[in-house]
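In case you want the letters, here they are:
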Amino acid sequence: MQIRDAVDADLETIRAIYNDAVATTTAIWNERLVDLADRRAWAEVRRALGYPILVAVDDGGTVLGYASFGDWRAFEGYRHTVEHSVYVDRTARGRGVGEALMRALIDRARGLHKHVMVAGIEAENAVSIRLHERLGFVKTGLMPQVGTKFGRWLDLAFLQLRLDDRTDPDSLAR
């Protein structure tokens, strides 16, 4: 498996992985499937902000999953904090794809001098929560019944990873 930056040719597979997660999981709290134009617009915004879109590919070049991050909140005071997304094709789950993508994404966030990476995870997604905890994320909050999908209320667990030890937010020294 190789982790690399996504190219436009990957967007169709990224769309398919995203739509599968929308249709079959509570990993994404959207209910609307997206088209290729939507994923192109999403990618353009990420790239314009200088944020990565990474893909994991097998030896044959098949995209197994993707990961990205964006601003956690739009206000300037949150400029050192990002929230990430990682999605793995259903046929590749349980093979370390998510962890490999996460490790690469964390490295990219550190390279951009981000201070904290936030994870918002459906609270019953024990597999994702365990993965994040293995990578050093700590649980910081639980918001009961803030979402809904498939006719039930969903709880949102927040985890975060401090990416550096800066004491001065405006310093790039570590």
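Engineer: Just to check I follow, could you spell out the environment of Ala 56 for this structure?
Structural biologist: Of note, Ala 56 is situated in strand E2 (residues 53-57). We classify Ala 56 as buried; its relative accessible area is 0%. Between the C-alpha atoms of Ala 56 and Gly 120, which are 64 residues apart in sequence, the distance is 22 Å. Excluding anything up to four places from it in sequence, Ala 56 contacts Met 1, Gln 2, Ile 3, Thr 62, Val 63, Leu 64, Gly 65, Val 97 and Leu 101.

Engineer: When you look at the pairing of strand E7 (residues 152-162) in this model, what are you seeing that I'm missing?
Structural biologist: It is a general feature of regular strands that their side chains alternate between the two faces of the sheet. Here seven bridges tie strand E5 (residues 116-122) to E7, and the two strands are oriented antiparallel to one another. Directly across from Ala 119, in E7, lies its bridge partner Leu 159. Pairing of strand E6 (residues 138-149) with E7 involves eight bridges; the strand directions are antiparallel. Bridged to Val 138 within E7 is Gln 160.

Engineer: Where do I start with the pairing of E5 in this structure?
Structural biologist: E5 sits mainly inside the fold: six of its seven residues count as buried. Between the parallel elements strand E4 (residues 81-88) and E5, the chain passes through helix H3 (residues 97-111) in a crossover that is right-handed.

Engineer: Is there a simple way to think about helix H1 (residues 11-24) in this case?
Structural biologist: Since the α-helix turns once every 3.6 residues, residues separated by three or four places project in the same direction. With 14 residues, H1 extends 20 Å between its outermost C-alpha atoms, agreeing within 8% with the 20 Å of an ideal straight helix rising 1.5 Å per residue. Residues of H1 that are buried sit in contact with helix H2 (36-48), E2, strand E3 (63-71), E4 and E6.

Engineer: Honestly, the side chain of Arg 166 in this entry has me stumped. Any pointers?
Structural biologist: Tracing the backbone shows Arg 166 in the segment after E7. Reaching out from Arg 166, the side chain makes a polar contact with the backbone oxygen of His 113 at a distance of 2.6 Å. In this structure the side chain of Arg 166 is engaged in a polar contact, spanning 3.4 Å, whose partner is the backbone oxygen of Pro 169.

Engineer: Honestly, the packing of aromatic side chains in this entry has me stumped. Any pointers?
Structural biologist: Aromatic ring pairs are reported here in terms of the distance separating the ring centres and the angle at which the planes meet. Following the criterion strictly, the structure yields five aromatic pairs and no others. Seen in terms of ring centroids, Trp 42 and Tyr 66 are 5.9 Å apart; in terms of plane orientation they differ by 75 degrees. Their pairing is edge-to-face. Taken together, the positions of Trp 42 in helix H2 and Tyr 66 in strand E3 put the pair 24 residues apart, joining distant regions of the chain. Relative accessible area serves as the criterion here: at 1%, Tyr 66 is assigned to the buried category. Between the aromatic rings of Tyr 66 and Tyr 87, the centroid separation amounts to 5.6 Å while the plane-to-plane angle is 45 degrees, which identifies the pairing as tilted. Taken as a pair, Tyr 66 in strand E3 and Tyr 87 in strand E4 lie far apart in primary sequence, 21 residues in all. For the cation-ring pair, Arg 39 lies above Tyr 18, with the distance from its terminal atom to the ring centre recorded as 4.3 Å.

Engineer: It is not clear to me how the sheet that holds E6 should be interpreted in this structure. Could you clarify?
Structural biologist: Spatial strand order, E1-E2-E3-E4-E5-E7-E6: seven strands in an open sheet with mixed pairing. Only two strands of the sheet have a single partner each, and these edge strands are strand E1 (2-5) and E6. Neighbour-to-neighbour, the strand axes of the sheet open up by a mean angle of 25 degrees, direction not taken into account. By the bridge criterion, three bridges tie E4 to E5 in an arrangement that is parallel. Opposite Val 82, over in E5, you have Met 117 as the bridge partner. Set on the sheet, H2 makes contact with E2 and E3; between it and E3 the angle comes to about 50 degrees.

Basis of the calculations
Residues numbered from 1 in each chain as written. Predicted model: local features only at pLDDT ≥ 70, side-chain atom pairs only at ≥ 80, totals over all residues. Heavy atoms only, no water. Helix = DSSP H or I, 4+ residues; strand = E, 2+ residues; numbered from the N terminus. Buried < 20%, exposed > 50% of the residue type's maximum accessible area, 1.4 Å probe, protein only. Contact = heavy atoms within 4.5 Å. Pairing = 2+ DSSP bridges. Right-handed = clockwise from strand over helix to strand, strands pointing away. Expected span 1.5 Å × (residues − 1). Polar contact = N/O pair within 3.5 Å; in protein donor to acceptor, adjacent residues only side chain to side chain. Phe/Tyr/Trp six-rings, centres within 6.5 Å; stacked < 30°, edge-to-face > 60°. Lys NZ or Arg CZ within 6 Å of the ring centre and 35° of its normal. Axes fitted to C-alpha atoms, helices over the stretch in contact; angles between N-to-C directions.

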